[in-house]
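Structure at a glance
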Amino acid sequence: MSPIDQVLAAARALEASGKVPSLALIKTRLGSSLPLPILIQGLQQFKSMPKADRERLAEQQVISPTTEVTATGDTLTLAMLAERLQMQQAHFDRHAEQQKAEIMQLKSELLELKQRIDLLESQGKTA
């Protein structure tokens, strides 16, 4: 996840928890590992996003609103890594289910097309 994505996810988490995202809140949430220009750029980008795009950020969110950041520098706590893993697993599971449903639909459509071809071939033989 890029630094900007981290800022966007933190801003979304703050907004989801009922807070107005600000530089101070985002910096507190992410720690001092990101430079101030990146924080400013990410916050400006977040504020200029349409509401629908902000909602989509919830899927990509790395840090939930209830997580307290205890990381220093680039090191992450075990709890944060476990949370990331759970979120990625949930994201993977959702997409796997969507793909499974799409495959089932395609199989159904294929079967229908085969039946139509068989019908057309049988009509062609009798004509």
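Residues numbered from 1 in each chain as written. Predicted model: local features only at pLDDT ≥ 70, side-chain atom pairs only at ≥ 80, totals over all residues. Heavy atoms only, no water.

1. Considerations on the overall build of the chain
If you tally the helices and strands in the chain, you get 5 helices and 0 strands. Expressed as a percentage of the 127 residues in the chain, the buried residues total 24%. Looking at the chain alone, contacts between residues at least 24 apart form 57% of all its contacts between residues at least 6 apart. Within the structure as shown, the chain displays about 9,000 Å² of accessible surface, and the carbon and sulfur contribution to it stands at 59%. (Helix = DSSP H or I, 4+ residues; strand = E, 2+ residues; numbered from the N terminus. Buried < 20%, exposed > 50% of the residue type's maximum accessible area, 1.4 Å probe, protein only. Contact = heavy atoms within 4.5 Å. Areas by Shrake-Rupley, 256 points an atom, 1.4 Å probe, with all protein chains shown as cover.)

2. Some details on the packing of helix H1 (residues 3-16) against helix H2 (residues 23-30)
H2 packs onto H1 with a crossing angle of 110 degrees between their chain directions and a minimal axis gap of 10 Å. Comparing the axis directions of H1 and H2 gives the class roughly perpendicular. Along the contact surface, H1 presents Gln 6, Val 7, Ala 10, Ala 11, Ala 13 and Leu 14, while H2 presents Leu 25, Ile 26, Arg 29 and Leu 30. For the contact of H1 with H2, the residue count by class is 8 nonpolar, 1 polar and 1 charged. (Axes fitted to C-alpha atoms, helices over the stretch in contact; angles between N-to-C directions. Parallel < 35°, antiparallel > 145°, perpendicular 65-115°, else oblique. Nonpolar A, V, L, I, M, F, W, Y, C, P; charged D, E, K, R; others polar.)

3. A few points about the environment of Val 7
Along the polypeptide, Val 7 turns up in helix H1. Taking the C-alpha atoms as reference, Val 7 lies 6.8 Å from Leu 43; in sequence the two are 36 residues apart. Beyond its immediate chain neighbours, meaning those up to four positions away, Val 7 contacts Ile 26, Leu 30, Leu 34, Ile 38, Leu 39, Gly 42 and Leu 43.

4. With respect to helix H3 (residues 36-48)
Each α-helix turn comprises 3.6 residues. Residues three or four places apart therefore point the same way. The end-to-end C-alpha distance of H3 is 18 Å, a good match for the 18 Å that 13 residues give at a rise of 1.5 Å each. Among all positions in H3, only Leu 39, Gly 42, Leu 43 and Phe 46 are buried. The buried side chains of H3 occupy one side of the element, clustering within an arc of 100 degrees when seen end-on. Turned more than 90 degrees off the buried face of H3, the exposed positions are Pro 37, Gln 44 and Ser 48. (Expected span 1.5 Å × (residues − 1). Arc of directions from axis to C-beta.)

5. Points about H1
Across its 14 residues, H1 extends 20 Å between first and last C-alpha, which sits within 8% of the 20 Å expected from 1.5 Å per residue. Of all 14 residues in H1, 10 are buried, a share of seventy percent or more. Inspection of H1 places Ile 4, Val 7, Leu 8, Ala 9, Ala 10, Ala 11, Arg 12, Ala 13, Leu 14 and Glu 15 among the buried residues, and these make up the whole buried set. Following H1 by one or two positions, Gly 18 adopts a phi angle in the positive range, close to 90 degrees.

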